[in-house]
Structure formats: structure tokens, C-alpha cells
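# Inside the fold
Each chain, written out:
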Amino acid sequence: DNDFRQEVAAWGLPSSLFDSNTWKLFEPQLRHDFAIFDTYEYEEEEPLPCPIGVYISQDDPKVGPSGGNPELMEHWSAESSHLHMTVDVFRGNHFYLQD
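Attention here is on the structure that accompanies the text. (Residues numbered from 1 in each chain as written. Predicted model: local features only at pLDDT ≥ 70, side-chain atom pairs only at ≥ 80, totals over all residues. Heavy atoms only, no water.)

### Some points on the layout of surface pockets
Looking at the largest pocket, its volume works out to about 740 Å³. If you trace the largest pocket, you find 22 residues lining it, with Phe-37, Val-63, Leu-72, Met-73 and Trp-76 closest to the centre. Ranked by residue count, the leading element in the lining of the largest pocket is strand β1 (residues 52-57), at 6 residues. Tallied by class, residues from the lining of the largest pocket come to 15 nonpolar, 4 polar and 3 charged. (1 Å grid on protein atoms, 1.4 Å probe; cavity = no way out; pocket = protein on both sides within 12 Å on 5 of 7 lines; lining within 4 Å. Points joined across faces, edges and corners; volume = space filled by probe spheres on them. Helix = DSSP H or I, 4+ residues; strand = E, 2+ residues; numbered from the N terminus. Nonpolar A, V, L, I, M, F, W, Y, C, P; charged D, E, K, R; others polar.)

Take a look at the structure:
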């Protein structure tokens, strides 16, 4: 349980989530989300016939430019038949829309 909490915290979730009552509410959903993430297997398909826009947060601890592996976002370009892909970087952590 502590290992899972540490993994969740590494994504930049607010510390208030880890209060015992709040954690009880969100832990089941988070476990499901992480299970999907951990078991997903990519299947190559025909590229989409439209451009792709990628959104990333500056301080994302996993994939952001200052905290992780922004080159992971470049792989999205293979999912479009268009030669152009936009990458927009926002301020904030993984949950930049809430910051």
C-alpha cells in the first residue's frame, strides 16, 4: 500500500489526496487507472488522417521537459498521416489544468 501511495505521489497529485478519508474515496479509482496503464499493450494501426496536437505540462514529473522524458511525446507523430504535429507546453505539473 505504501509503494502504491509513493507511485501516485510521484505523478504530482496534491498532498491532500493522501488524507485517510480522501484516500479511501480515491484509492479504488486510482488503482483501476494504474492497472489500465500497467497492462496496456500498443497495437499498431493505420495513421489517423488528421494532424495531432500534443499537450504536456512543463513540470510533469514523468514526461515533462523538466522532469522526465518529453521525447515520449514525439512518438505521437507516427499516429498521423500528416507531416506536422504540434506540441504545446503548459506551466504546471501533470495536472496542469488544475494548477
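And the narrative resumes.
### A closer look at the packing of aromatic side chains
Within this structure, the stated rule accounts for 4 aromatic pairs. Seen from their ring centres, Trp-11 and Phe-37 are 6.0 Å apart, and the 85° between their planes marks the pair as edge-to-face. Taken together, the positions of Trp-11 in the loop between α1 (2-10) and α2 (20-39) and Phe-37 in helix α2 put the pair 26 residues apart, joining distant regions of the chain. Exposure remark for Phe-37: the relative accessible area of 58% places this residue in the exposed category. Put simply, the rings of Phe-4, Phe-18, Trp-23 and Phe-34 pair up and form one aromatic cluster. (Phe/Tyr/Trp six-rings, centres within 6.5 Å; stacked < 30°, edge-to-face > 60°. Buried < 20%, exposed > 50% of the residue type's maximum accessible area, 1.4 Å probe, protein only.)

### Concerning the packing of α1 against α2
For the pair α1 and α2, interaxial distance at closest approach is 11 Å and the crossing angle is 80°. Judged by the angle between their axes, α1 and α2 are roughly perpendicular. The segment α1 lies against α2, with Phe-4, Arg-5, Glu-7 and Val-8 engaging Trp-23, Glu-27, Leu-30, Arg-31 and Phe-34. In terms of residue class, the contact of α1 with α2 is built from 5 nonpolar, no polar and 4 charged. (Axes fitted to C-alpha atoms, helices over the stretch in contact; angles between N-to-C directions. Parallel < 35°, antiparallel > 145°, perpendicular 65-115°, else oblique. Contact = heavy atoms within 4.5 Å.)

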